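The primary structure of each chain is shown beneath.
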Amino acid sequence: MPTPSHAESTRYPRVYYNLMIVSLLGSIYRRHDEAEICSIAVEATLKDAGRYRMFRAIAKGIGGDASVASSMLEQHLAEHPEDDRAKVTLAVAMMLGGNPGWKPIIDRVLALSTDIPAREAATSVLQYLGTLAPTPTTTRAAA
Amino acid sequence: MEDAAKNTIFSDLAQVEKTLSEDTTGDRARAMLAYFDDVAKSSEQMLHKAASDSERQLLARLIEGFRASQRIIRHVWETLHSAALPA
C-alpha cells in the first residue's frame, strides 16, 4: 500500500486511509457492492464524510456511474448554492460518468462565478477537453 | 488544502492501480490481501474485548470493510491480468 502522506499529515490512521483507497478503487472497477461495504466502514471513521463522498463521486464517475455525482450535486447545492468549486468537481465526475448535464454546470460557473479557483478549474476542464477528440465517455474497466 | 488532499488520494490510488498492473506474478496483490487479512484478524480480536456497543459496531464495520477490500483487490488484479490470482 502507498505511503499516505496526507493521512500522516492529518493523523488519520493509515489503515483507515488504505481502506479508503481500496474503496475508491472498488468504485472505479465497478465492484459497487464491495465498495459500499468499505465506504460504510470508512464513513464510520470520519467526523465529516463530505469530502470522502466527493472523492467517491469522482471514483464512481471514472467507473462510468454519474448517478452519485448528480444526486450529490443536487443535495450539496441545495445546502450550499454558492459553492462553485463543488459544482466544478461534481461536474467533472458527471462528465467522466457520461452524464451530459456537466456542460451547463461548467458554463454557468464560467458565466456567473466570482470564485477565481472555481473559474480556473472550469477553464482547465474545457481546455483539457479541447485536447481530446471525441469527448471522453469511456469507462475504466468492465465489471 | 482540499485540492492537495484530492490530488494526494487520487495519486495514491493511481499508484496502487499501477502496482497491481505491473504485478504480473501476483506477489504484490497477495501481500495486500495478507495485509487486510492481518488487520481484519486484529480487529476481530479487538471486537472480543470491546467494551461499548459503539466500539463493537465500528469494529464490525471495519472487519467487513477489510474483507471487502480483499475481494476488491483480487477483482482488480484479475481484471487487469485477465486471469485468476494464483494462490
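All values derive from a computational prediction rather than experimental measurement.

The rules behind the values
- Residues numbered from 1 in each chain as written.
- Chains lettered and ligands numbered in written order.
- Predicted model: local features only at pLDDT ≥ 70, side-chain atom pairs only at ≥ 80, totals over all residues.
- Helix = DSSP H or I, 4+ residues; strand = E, 2+ residues; numbered from the N terminus.
- Rg over C-alpha atoms; globule rule 2.2 N^0.38 Å.
- Buried ≥ 20, exposed ≤ 12 C-beta atoms within 10 Å, placed from the backbone.
- Contact = placed C-beta atoms within 7 Å.
- pLDDT = per-residue confidence, 0-100.
- Nonpolar A, V, L, I, M, F, W, Y, C, P; charged D, E, K, R; others polar.

> An account of the overall build of chain B is needed here, citing residue identities and associated values.
Counting secondary structure elements, chain B contains three helices and zero strands. The order of helices and strands in chain B, counted from the N terminus, is α-α-α. Since a compact globule built from 87 residues should have a radius of gyration of about 12 Å, the 16 Å found for chain B marks it as more spread out than a globular shape. Sorting the 87 residues of chain B into buried and exposed places 23% on the buried side. Of the contacts made within chain B by residues no fewer than 6 positions apart, 51% connect residues no fewer than 24 positions apart.

> Residue-level account of the confidence of the model for chain B, with values.
All names here are of chain B. Overall, the predicted model of chain B reaches an average pLDDT of 92, with 92% of residues at or above 70. The least confident element of chain B, judged by mean pLDDT, is helix 1 (residues 2-22) at 82; the most confident is helix 3 (residues 53-81) at 97. Listed scores for the predicted complex are pTM 0.79 and ipTM 0.91.

> An account of the environment of B:Q70 is needed here, citing residue identities and associated values.
All names here are of chain B. Relative to the helices and strands, Q70 is located in helix 3. Counting along the chain gives 40 residues from Q70 to R30, while the straight-line C-alpha distance between them is 9.2 Å. Setting aside chain neighbours within four positions, we find Q70 in contact with L33, F36 and D37.

> I'd love a proper account of the interface of chain A and chain B, names of residues and values included.
The extent of an interface is frequently quoted as the accessible surface area lost upon association of the parts. Each partner contributes residues to the interface: chain A has 25 residues there, and chain B has 27 residues. For the side of chain A that touches chain B, the secondary structure elements donating two or more residues are helix 1 (5-9), helix 2 (14-28), helix 3 (32-44) and helix 4 (50-62) of chain A. If you tally residues by element for the side of chain A that touches chain B, the top one is helix 3 of chain A, at eight residues. Considered class by class, the residues forming the side of chain A that touches chain B number 19 nonpolar, three polar and three charged.

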